[in-house]
Amino acid sequence: MDSKQRRSKKQVKYDEFPDFGKLPPQAVEEEEAVLGALMIESEAYSRISDILHTHECFYNVNHQKIFSAIKAIAEANKPIDMLTVKEQLLKDNTLEDIGGVYAIAALTEKIATAAHIEEHANTIYQRYLARKMIRISSEIQTDAFDLSKDVDEVIQEAEGKIFELAHTKNNKDVLPISEVIPKAIESISKVYQNKNDIPGIESGFFALDKLTSGWQESDLIIIAARPAMGKTAFVLTMAKNMAAKGYPIAFFTLEMSSVQLAIRLISNLSELPNERIKSGKLDKEEFNELMEGIAVIDNLPIYIDETPSLSVMELRTKARRLVAEHGIKAIIIDYLQLMNVSGMSYSNRENEVSIISRSLKALAKELSIPVIALSQLNRNVESRGGGSNDNKLEAKKPQLSDLRESGAIEQDADMVCFIHRPEYYRIFEDPNTNEDLRGVAQIIVAKHRNGATADIKLYFAQDYITFVNTRQEYERLNAKSASKGSVLLPSKANRNTTVRDSNESVYNELPQDFDIRSDVLPY
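An account of the accompanying structure is given in this report. Position numbers for residues start from 1 in each chain and track the written sequence from start to end. Local features in this predicted model are restricted to residues whose pLDDT is 70 or higher, and side-chain atom pairs enter the listing and the counts only when it is 80 or higher, whereas totals over whole chains, interfaces and linings include all residues. Remark: hydrogens and water are excluded; side-chain values derive from all non-hydrogen atoms of the structure.

**Considering the nonpolar core**
Phase 1 of the analysis: The definition of a nonpolar core used throughout is a set of buried Ala, Val, Leu, Ile, Met, Phe, Trp, Tyr and Cys residues joined through side-chain atoms within 4.5 Å. The buried label applies to any residue whose accessible area, calculated with a 1.4 Å probe on protein chains only, is under 20% of its type's maximum; exposed applies above 50%, and partly exposed to all values in between. Ranked by internal contacts, the top residues of the largest apolar core, which has 90 residues, are Ile222, Phe234, Ile331 and Ile333.
Phase 2 of the analysis: Contact between two residues is taken to exist if any of their heavy atoms lie within 4.5 Å; hydrogens are not considered. Once residues lying within four places of it in the same chain are set aside, the contact partners of Ile331 are Ala250, Phe252, Ala319, Leu363, Leu367, Ile369, Pro370, Val371 and Ile372.
Phase 3 of the analysis: Residues Leu38, Leu52, Val85 and Ile124 belong to the second largest nonpolar core, which totals 37 residues.

**A look at helix α6 (residues 100-109)**
Phase 1 of the analysis: Numbering of helices and strands runs from the N terminus, with a helix taken as a DSSP run of H or I at least four residues long and a strand as a DSSP run of E at least two residues long. Among the residues of α6, Gly100, Ala103, Ile104, Leu107 and Thr108 are the ones counted as buried. Projection of α6 onto a plane perpendicular to its axis shows the buried side chains occupying an angular sector of 165 degrees, all on one side. Facing away from the buried side of α6 by more than 90 degrees, the exposed set consists of Tyr102 and Glu109.
Phase 2 of the analysis: For α6, the secondary structure elements touched by its buried residues are α2 (28-40), α4 (61-75) and α5 (82-91). Read the arc as the range of directions from the helix axis to the C-beta atoms.

**Remarks on the side chain of Arg226**
Phase 1 of the analysis: For Arg226, the location among the structural elements is in the loop between β1 (220-225) and α11 (231-244).
Phase 2 of the analysis: Separated by 2.8 Å, the side chain of Arg226 and the backbone oxygen of Leu377 make a polar contact.
Phase 3 of the analysis: Excluding anything up to four places from it in sequence, Arg226 contacts Lys231, Gln376, Leu377, Asn378, Arg379, Val381, Glu382 and Tyr425. Within 3.5 Å is the distance limit for a polar contact, defined as a pair of N or O atoms, with the added protein rule that one can donate a hydrogen and the other accept it, and that residues adjacent in sequence qualify only through two side-chain atoms.

**Quick notes on the packing of α2 against α4**
Phase 1 of the analysis: For the pair α2 and α4, interaxial distance at closest approach is 11 Å and the crossing angle is 25 degrees. Between α2 and α4, the angle is such that the two are roughly parallel. Crossing handedness for the pair α2 and α4: left-handed. Judged by residue contacts, Val28, Glu31, Glu32, Leu35, Leu38 and Met39 of α2 engage His63, Ile66, Phe67 and Ile70 from α4.
Phase 2 of the analysis: Considering only residue class, the contact of α2 with α4 consists of seven nonpolar, one polar and two charged. Helix axes are fitted only over the stretch in contact, all axes being lines through C-alpha atoms; the angle between N-to-C directions runs from 0 to 180 degrees. Relative orientations are named as follows: roughly parallel for angles under 35 degrees, roughly antiparallel for angles over 145 degrees, roughly perpendicular for angles from 65 to 115 degrees, and oblique for any other angle. By the definition used in this description, the sense in which the near helix is turned from the far one sets the handedness, with an anticlockwise turn below a right angle giving left-handed and a clockwise turn giving right-handed. Under the scheme applied, nonpolar residues are Ala, Val, Leu, Ile, Met, Phe, Trp, Tyr, Cys and Pro; charged residues are Asp, Glu, Lys and Arg; polar residues are all the others, including Gly.

**Looking at the sheet that holds strand β7 (residues 440-448)**
Phase 1 of the analysis: Being paired, for any two strands, means DSSP has found at least two bridges between them. In spatial order, the strands read β3-β2-β4-β5-β1-β6-β7-β8-β9; together these nine strands make up an open sheet with mixed pairing. Strand pairing shows two members of the sheet lacking a second neighbour, β3 (302-305) and β9 (466-468), which therefore form its edges. Pairs of neighbouring strands in the sheet enclose a mean axial angle of 25 degrees, with direction left out of account.
Phase 2 of the analysis: Note: strand β8 (residues 454-461) against β9, three bridges, orientation antiparallel. Its bridge partner lying in β9, Ala461 is registered against Thr466.
Phase 3 of the analysis: Together, β2 (249-253), β3 and β4 (330-334) form the strand contacts of helix α15 (residues 312-326), whose direction differs from that of β2 by roughly 155 degrees.

**Quick notes on a nonpolar patch on the surface**
Phase 1 of the analysis: Patch members must show over 30% relative accessible area and no salt bridge, and they are joined within 9 Å when carrying like charges or within 5 Å when they are nonpolar side chains of Val, Leu, Ile, Met, Phe, Trp or Tyr. A 1.4 Å probe and the Shrake-Rupley method give the accessible areas. Residues count as covered only by the protein chains that appear here. Every case where a carboxyl oxygen of Asp or Glu lies within 4 Å of a side-chain nitrogen of Lys or Arg is listed as a salt bridge. Taken together, Ile177, Val180, Ile181 and Ile185 make up a surface patch of nonpolar side chains, about 360 Å² in accessible area.
Phase 2 of the analysis: Looking at the element boundaries, Ile177 is found in helix α9 (residues 177-193).

**Quick look at α15**
Phase 1 of the analysis: With 15 residues, α15 ought to run about 21 Å at 1.5 Å a step, and its terminal C-alpha atoms sit 20 Å apart, in line with that.
Phase 2 of the analysis: Within α15 the residues assigned to the buried category are Val312, Met313, Leu315, Arg316, Lys318, Ala319 and Leu322. For a helix, the expected span equals 1.5 Å multiplied by the number of residues minus one.

**Details of the side chain of Asp143**
Phase 1 of the analysis: With respect to the helices, strands and loops of the structure, Asp143 is situated in helix α7 (residues 117-145).
Phase 2 of the analysis: Looking at Asp143, the relative accessible area reads 13%, which means it is buried.
Phase 3 of the analysis: The contact partners of Asp143, leaving out residues within four places of it in the chain, are Lys149, Val154, Glu157 and Lys161.

**Looking at the pattern of salt bridges**
Phase 1 of the analysis: Enumeration according to the criterion identifies 16 salt bridges in this entry.
Phase 2 of the analysis: Among the ionic pairs, Lys65 bridges to Asp97, the shortest N-O distance being 3.5 Å. A residue pair is termed long-range when its members are at least 10 positions apart, and Lys65 in helix α4 and Asp97 in the loop between α5 and α6 qualify at 32 residues.
Phase 3 of the analysis: A relative accessible area of 27% places Lys65 in the partly exposed class.
Phase 4 of the analysis: Of the charged contacts, one joins Lys361 and Asp414 as a salt bridge, the two residues approaching to 2.6 Å between their closest N and O atoms. Of the two residues, Lys361 sits in helix α16 (residues 349-367) while Asp414 sits in the loop between α19 (408-412) and β6 (415-420), which places them 53 residues apart along the sequence.

**Examining a negative patch on the surface**
Phase 1 of the analysis: Neither His nor the chain termini are counted; the positive set is Lys and Arg, and the negative set is Asp and Glu. Here the site of a charge means atom NZ of a Lys, CZ of an Arg, CG of an Asp or CD of a Glu. A cluster of acidic residues, Asp150, Asp152, Glu153 and Glu157, forms a negative patch at the surface.
Phase 2 of the analysis: Considering the arrangement of structural elements, one finds Asp150 in the loop between α7 and α8 (151-166).
Phase 3 of the analysis: Look at Asp150 and you get partly exposed, because its relative accessible area is 40%.

Here it is, written out as structure tokens:
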């Protein structure tokens, strides 16, 4: 190499970091300030213990050992100062590792007061989270380069790690009551000035709205029932009612496709039997009604997500985006047990469901909107029931203990509602009042954290797969369905009406105990 080439070659200064080098996020000066403050003011530990919950929050290894000693002293309910920290470090055999007594004394010399300890602790914690994020990103990158691993599994593990990081946050959210009172006054004043309005989001079911004052912000509402009780129909009718009031609704369907939901909505709004729409057996008048229903649905602010086996992390990400982009006012999930916490392993399904229900409550609080989740009930309901209708009517009503797979659902929920249709169990008449129970759907509000519990009576129109408020609406839909040739489960009002099925068979003067669908209804 000649001299000209040597002169043109860039000189490297080995005593400087290269431009491409990066140090991990850290706040060593703040770490020193916090440790020093903890040793000069013994009570300071209680102010940062829920922020710096582990020694790993500190970047410097010596600082980690000192904080571990301070934490052990605090947990033993002993005073924290230079002497007790020295003794604990001796007990841990780490005093010499951190530089001896001089290093401890040096920390106390760098701080005069613990006045700003929370601010310093928050800075340390933020750097700790940033380091964890870098480590997780590196692990994800390594897994992605490993071609022997299934990509879907890598994605699920990545989701789990990010989800865990997102929930590894400090809980320093304490507010003085003086800051909360103005918000409470604002809420009370709003209700007071609009006495005739429902303050929450109206479900469209009048008796239910009167009891709950509408679905409230930050509430987790669980709608539970046995299969075929009409859970999806109930929340879909609610979604239609709420959207018609101008509330944008997000509907996460893990069980049905978006097209199936849309057909149900069309049936509901056009008042055409669901089976006739699916079979395409419509006359010209019905087709016009169908198009009118579609025109209405087309303008409703309902957003459907049909991701199967939705994870908690996916839900949270999508919900945040929907709220930001479309101003979503309520989230509906159909249904909770089909969700998962991907990338994380649990000893049993009950623990996983507990995490899911807790995460849904956290999501409701974070976004300040109601989250309505459907849930299955266990088989205890089916095994209960006496021989008489009187005993059977009460025995078949769901209870909180029937919630499937986790008692945490009951604990996390602000409200738990059960759907109970006596006719499903071939109970067609109340033995005490002789009330006709055909079409009756009881919405049993079994838990209501902020109000009373009660049984709300609605009616389920089977042919339209929808719930209505009154017996009159139910009978009107039944009569309309009968006129179109659909088979009905008759009530007392239409029991002597001629009803035709799709093959034009005629059933005249049906007897009181006749059940046209007995082959599909369990005893």
